[in-house]
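Results of the structural survey
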Amino acid sequence: MTTTFPPATGPTASTAPSTLTAQIPGSKSLTNRALLLAAAAPGTSRVWAPLVSDDTLAFRDALTRLGVRVRATPDDEYWEITGTGRPLGDARIWCADAGTAARFLPPYAATGEGEFVFDGSAQLRARPLRPLADALTRLGARVRSDGPGSLPLTVSATGLDGGSIALDASTSSQYVTGLLIAAPLLRSPLTLVARDLVSRPYVDMTLALMRRFGATVEESADGSLTVGPGGYRPTDLVIEPDASTATYVFAAAAATGRSVRVPGLGKASLQGDLRFTDALRRLGAHVEVACDATTVTGTGRLRGGVSLDMGEISDTFMTLAAIAPLADGPVTIRGVAHARLKESDRVAAMARNLAACGIRVEEGPDRLTVHPGPPRRTTIACHRDHRIAMAFSVLGLAAPDTISLDDPGCVSKTFPGFHAEFGRLFPEYELPLCVRE
Ligand SMILES: O=C(O)C1=C[C@@H](OP(=O)(O)O)[C@@H](O)[C@H](O)C1
Ligand SMILES: C=C(OP(=O)(O)O)C(=O)O
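Residues numbered from 1 in each chain as written. Chains lettered and ligands numbered in written order. Predicted model: local features only at pLDDT ≥ 70, side-chain atom pairs only at ≥ 80, totals over all residues. Heavy atoms only, no water.

To keep it simple, the criterion reads: UniProt positions are given in the numbering used here, feature names are shortened, and annotations may be inferred rather than shown by experiment.
As annotated in an unreviewed UniProt entry, the chain is 3-phosphoshikimate 1-carboxyvinyltransferase from Streptomyces luteolus. Per its UniProt entry, the chain bears the Subcellular location (unreviewed entry) comment "Cytoplasm". Here the chain is described in UniProt, under the heading Pathway (unreviewed entry), as follows: "Metabolic intermediate biosynthesis; chorismate biosynthesis; chorismate from D-erythrose 4-phosphate and phosphoenolpyruvate: step 6/7."

1. Concerning the packing of aromatic side chains
Cut-off, in case you're wondering: Pairing of aromatic rings covers Phe, Tyr and Trp, the last counted by its six-membered ring, and requires centre-to-centre distances within 6.5 Å; plane angles under 30 degrees mean stacked, over 60 mean edge-to-face, and any other angle means tilted. A run of DSSP states H or I qualifies as a helix once it reaches four residues; a run of E qualifies as a strand once it reaches two. Both are numbered from the N-terminal end. Between buried and exposed lies partly exposed: a residue is buried under 20% and exposed over 50% of the maximum accessible area for its type, with that area taken using a 1.4 Å probe on protein chains only.
For the structure shown, the criterion picks out 7 aromatic pairs. Geometrically, the ring pair formed by Tyr248 and Phe418 is edge-to-face, given 6.0 Å between the ring centres and 85° between the ring planes. Pair noted here: Tyr248 is in helix 8 (residues 243–256) and Phe418 is in helix 13 (residues 418–425), with a separation of 170 residues, a long-range link. Owing to a relative accessible area of 1%, Phe418 belongs among the buried residues under this scheme.

2. Describing the site of ligand 2
The test is simple: Being near a molecule or strand, for a residue, comes down to having at least one heavy atom within 4 Å of it. For the purposes of these results, a polar contact is taken to be a pair of N or O atoms within 3.5 Å, where, inside protein, one atom must be able to donate a hydrogen and its partner to accept one; residues adjacent in sequence count only when each atom of the pair is a side-chain atom. The protein chains shown are the only cover counted for residues, whose accessible areas, like all others here, come from Shrake-Rupley with a 1.4 Å probe.
Close to ligand 2 lie 14 residues, the nearest being Lys28, Gly99, Arg127, Arg387 and Lys413. Here an oxygen atom of ligand 2 and a side-chain polar atom of Lys28 are 2.7 Å apart. At 2.7 Å, a side-chain N or O of Lys413 approaches an oxygen atom of ligand 2. Its free accessible area being 300 Å², ligand 2 has 99% of it covered by the protein chains.

3. Focus on the site of ligand 1
Our working definition: Using protein atoms alone on a 1 Å grid, points that fit a 1.4 Å probe yet trap it form a cavity, whereas open point sets bounded by protein on both sides within 12 Å along at least five of seven lines form a pocket; residues with an atom within 4 Å of a point count as lining. A molecule is said to be in a cavity or pocket once over half of its atoms fall within 2 Å of that pocket's grid points.
Within the structure, ligand 1 sits among 13 residues, and Ser29, Ser173, Ser199, Asp315 and Lys342 are positioned closest to it. Ser173 is positioned such that a nitrogen or oxygen atom in its side chain is 2.5 Å from an oxygen atom of ligand 1. Between ligand 1 and Ser199 there is a distance of 2.6 Å, counted from an oxygen atom to a side-chain nitrogen or oxygen. For ligand 1, whose unbound accessible area comes to 380 Å², protein coverage reaches 96%. At a threshold of 2 Å from the grid points, most atoms of ligand 1 map onto the largest cavity.

As structure tokens, then:
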């Protein structure tokens with residue numbers, strides 16, 4: 001039998017695909033922000049439909065060590081958080097692999113009283129933290145780092161005054177989120193200027209949630225943010241499905257000519273990563289973002305010859321890079337230098353794994369160009385990076401019998417049920433795809 005490349009798997013007019021409904025777990029970023037805001041709000045808050053994964057369990061556990069009571073219903077329908085306001089007492093806090101824990105919690109700790117020691121996995125220790133540690137020091141906090149401005153980090157807290165600071169946010173927006181969330185607990189207003197800010201939609205998400213928990217934030221025309229010292233009030237919040245996680249099923253639809261709908265992720269979403277669907281649209285997929293759901297329908301062909309800046313939605317660039325070999329022309333992804341500082345050097349990891357699949361790739365400091373070509377059988381080096389594993393699973397689905405993962409279980413950072421849900425949606429997605437070789 002002759003096979004064509006790219007594979008023509010798309011629907012014809014007479015065989016339009018029926019729509020599959022994906023069950024996407026809650027947003028990691030919304031869950032961890034909601035947990036922290038609830039902790040900082042004296043009283044009882046409920047977080048409905050939280051993500052239950054390594055990152056959110058680590059965050060929840062860290063808050064427990066900071067004196068916050070969290071009660072989960074047996075089925076995790078909601079988590080009930082009894083907030084304390086500022087943290088009091090000494091604590092050792094294990095952040096595991098979670099960047100959000102390492103960057104959101106030290107500023108919160110600095111508003112309290114006690115000695116707080118933060119540490120995490122070797123992977124997390126390798127990620128930058130210095131701009132945040134320096135900012136806290138300039139605000140008057142006593143912060144000590146045993147490494148080059150990273151974990152382990154000790155915060156000796158006696159409460160914090162506000163003031164006016166500028167911060168280099170070119171390596172992560174998470175420093176900005178951490179400082180902003182702590183700001184209503186300071187003794188006076190905080191004005192923050194985030195220089196060269198990456199991942200801006202995550203700061204917008206932070207501001208939206210802070211306002212829901214009762215904080216007042218003013219944005220000036222020059223981009224500075226001022227937060228008053230009024231504290232937070234307890235709030236109930238329903239967590240949206242995770243838009244970054246949804247990219248894998250959307251990309252699968254685009255690459256295999258299926259139609260996939262994600263309920264609960266719609267026009268009013270607080271997650272910038274939903275804009276990944278714009279990228280799929282550029283590659284020719286049909287996208288419908290409705291009020292209460294988003295649907296992506298593939299045509300069976302992916303249009304190449306596109307260049308996209310994915311700097312604001314960098315968690316999603318690997319999903320696009322993984323299906324790019326199936327397009328009918330090169331795909332260039334720009335603006336993702338900061339993605340080299342995540343669970344892995346994601347730009348290098350994508351380039352090397354695609355090259356191992358026999359795909360021509362050009363790598364620059366902040367970009368990748370992926371050329372079309374049939375992937376060959378390869379075991380992907382996941383680098384304990386959940387997004388490498390999930391992105392290449394999409395390629396393996398669209399190009400059967402090609403992809404194995406050296407660490408399929410690393411998806412548990414944000415989506416422990418990923419392989420099961422992929423298998424439920426797409427029956428040809430076989431578990432051997434994921435067996436360690
Ligand atoms: O604030 C957040 O919840 C996040 C911000 C982003 O990080 P950077 O700001 O470091 O790019 C993103 O990659 C991460 O998965 C979650
Ligand atoms: C970068 C990520 O996580 P974090 O920074 O929260 O560890 C991610 O989930 O892709």
